[in-house]
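Chain by chain, the residues run as shown.
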Amino acid sequence: CGNGPTSVELPLQNDGRSSGTAIVEFGSADDAAKGLELNGADFDGRWLSIKYSTPKPILAAREPTRKEEGCVTVFVGNL
């Protein structure tokens with residue numbers, strides 16, 4: 001994925017279990033776009049759902065998003 005992520009957040013549910021999601025920030029919009037190319041890839045038998053991040057709460061349903069100017073963050077679901 002280009003130069004790779006600059007930060008990764010793995011949110012937890014209220015009971016401390018994994019939410020199955022990640023917020024991954026990249027150093028540039030080009031690197032984020034390369035990370036987005038992994039959408040649908042296999043990850044230990046599970047397919048990755050990767051979208052540009054939005055300010056919605058992490059557990060809210062997410063619709064497909066459009067890249068905003070300068071966006072460097074992607075949302076990874078189904079982990």
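Only a predicted model underlies this, so the values are computations on that prediction, with no experimental measurement involved.

### As for the pattern of salt bridges
Part 1 of the reasoning: Tallying each qualifying case throughout the model produces one salt bridge.
Part 2 of the reasoning: Among the salt bridges present, the one from D15 reaches R17, with a minimum N-O distance of 2.7 Å.
Part 3 of the reasoning: Exposure remark for D15: the relative accessible area of 53% places this residue in the exposed category.

### Describing the pairing of strand 6 (residues 73–77)
Part 1 of the reasoning: With five of its five residues buried, strand 6 lies for the most part within the structure.
Part 2 of the reasoning: Because side chains alternate across strand 6, one face comprises the buried residues T73, F75 and G77, and the other comprises V74 and V76, equally buried.
Part 3 of the reasoning: The pairing of strand 2 (residues 22–26) with strand 6 spans four bridges and is antiparallel. Bridged to A22 within strand 6 is V76.
Part 4 of the reasoning: Where strand 5 (residues 49–52) lies against strand 6, four bridges are found, and the strand directions are antiparallel. Bridged to S49 within strand 6 is G77.

Cut-off values and rules
Residues numbered from 1 in each chain as written. Predicted model: local features only at pLDDT ≥ 70, side-chain atom pairs only at ≥ 80, totals over all residues. Heavy atoms only, no water. Salt bridge = Lys/Arg side-chain N within 4 Å of Asp/Glu carboxyl O. Buried < 20%, exposed > 50% of the residue type's maximum accessible area, 1.4 Å probe, protein only. Helix = DSSP H or I, 4+ residues; strand = E, 2+ residues; numbered from the N terminus. Pairing = 2+ DSSP bridges.

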